[in-house]
Amino acid sequence: GPQAPLQVIIGPQWKGGVEGLKHLRHVRSARTLSLHSAPLEDSAVEQLAQCKQVQRIEMYGTGISAEAVVLILVAAVLAFGVLALRRRHDQGGQA
């Protein structure tokens, strides 16, 4: 059956860097990603935006700027918009 939703927590001991974040997109049941004082900078945005299954991202004490957070939000809105169009099309409506 379907897997229970997971919360992935990345803390200050994270050693994977930005490169290690690419593996998160393969954790299909991850719904919440919590970055608690994770040693990450703006370069992490591209990898975070690839985690389409994640519905919530929490950031506390990271080096990620407000501008980079906006980029993540824009990517999420675009991904949601594409999903909404597909759902409407699948239900026989106009896309």
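That block above? That's the structure.
Residues numbered from 1 in each chain as written. Predicted model: local features only at pLDDT ≥ 70, side-chain atom pairs only at ≥ 80, totals over all residues. Heavy atoms only, no water.

Trainee: How should I be thinking about empty space enclosed by the protein in this particular structure?
Mentor: Any empty space left between atoms is shown by rolling a water-sized probe over those atoms. Applying the stated criterion across every chain yields a total of one cavity of 30 Å³ or more. The space that makes up the largest cavity amounts to roughly 30 Å³. Taken together, Val8, Leu24, Ala30, Thr32, Leu33, Cys51 and Val54 make up the full set of residues lining the largest cavity. It is strand 2 (residues 30-36) that contributes the most residues to the lining of the largest cavity, three residues altogether. In the lining of the largest cavity, the residues fall into six nonpolar, one polar and no charged. (1 Å grid on protein atoms, 1.4 Å probe; cavity = no way out; pocket = protein on both sides within 12 Å on 5 of 7 lines; lining within 4 Å. Points joined across faces, edges and corners; volume = space filled by probe spheres on them. Helix = DSSP H or I, 4+ residues; strand = E, 2+ residues; numbered from the N terminus. Nonpolar A, V, L, I, M, F, W, Y, C, P; charged D, E, K, R; others polar.)

Trainee: Would you mind showing me how to read the pattern of salt bridges here?
Mentor: Side-chain pairing between opposite charges can occur once the charged atoms of the two side chains come close. According to the stated counting rule, one finds two salt bridges in the structure shown. Among the salt bridges present, the one from arginine 56 reaches glutamate 58, with a minimum N-O distance of 2.9 Å. A relative accessible area of 14% means that glutamate 58 is categorised as buried. (Salt bridge = Lys/Arg side-chain N within 4 Å of Asp/Glu carboxyl O. Buried < 20%, exposed > 50% of the residue type's maximum accessible area, 1.4 Å probe, protein only.)

Trainee: Help me understand the sheet that holds strand 2 in this model?
Mentor: Strands pair in a sheet through their backbones, by hydrogen bonds, and they do so in one of two ways: parallel or antiparallel. Reading across the sheet, the three strands line up as 1-2-3 and stay open at both edges, with parallel pairing between neighbours. Every other strand in the sheet has two partners, leaving strand 1 (6-10) and strand 3 (56-60) as the edge strands with one partner each. Within the sheet, the average angular offset between the axes of one strand and its neighbour, ignoring direction, is 15 degrees. Relative to strand 2, strand 1 is paired through five bridges, and the arrangement is parallel. Among the inter-strand pairings, leucine 6 is bridged to a residue of strand 2, identified as alanine 30. (Pairing = 2+ DSSP bridges. Axes fitted to C-alpha atoms, helices over the stretch in contact; angles between N-to-C directions.)

Spatial relationships are all this shows, so hold off on functional conclusions.
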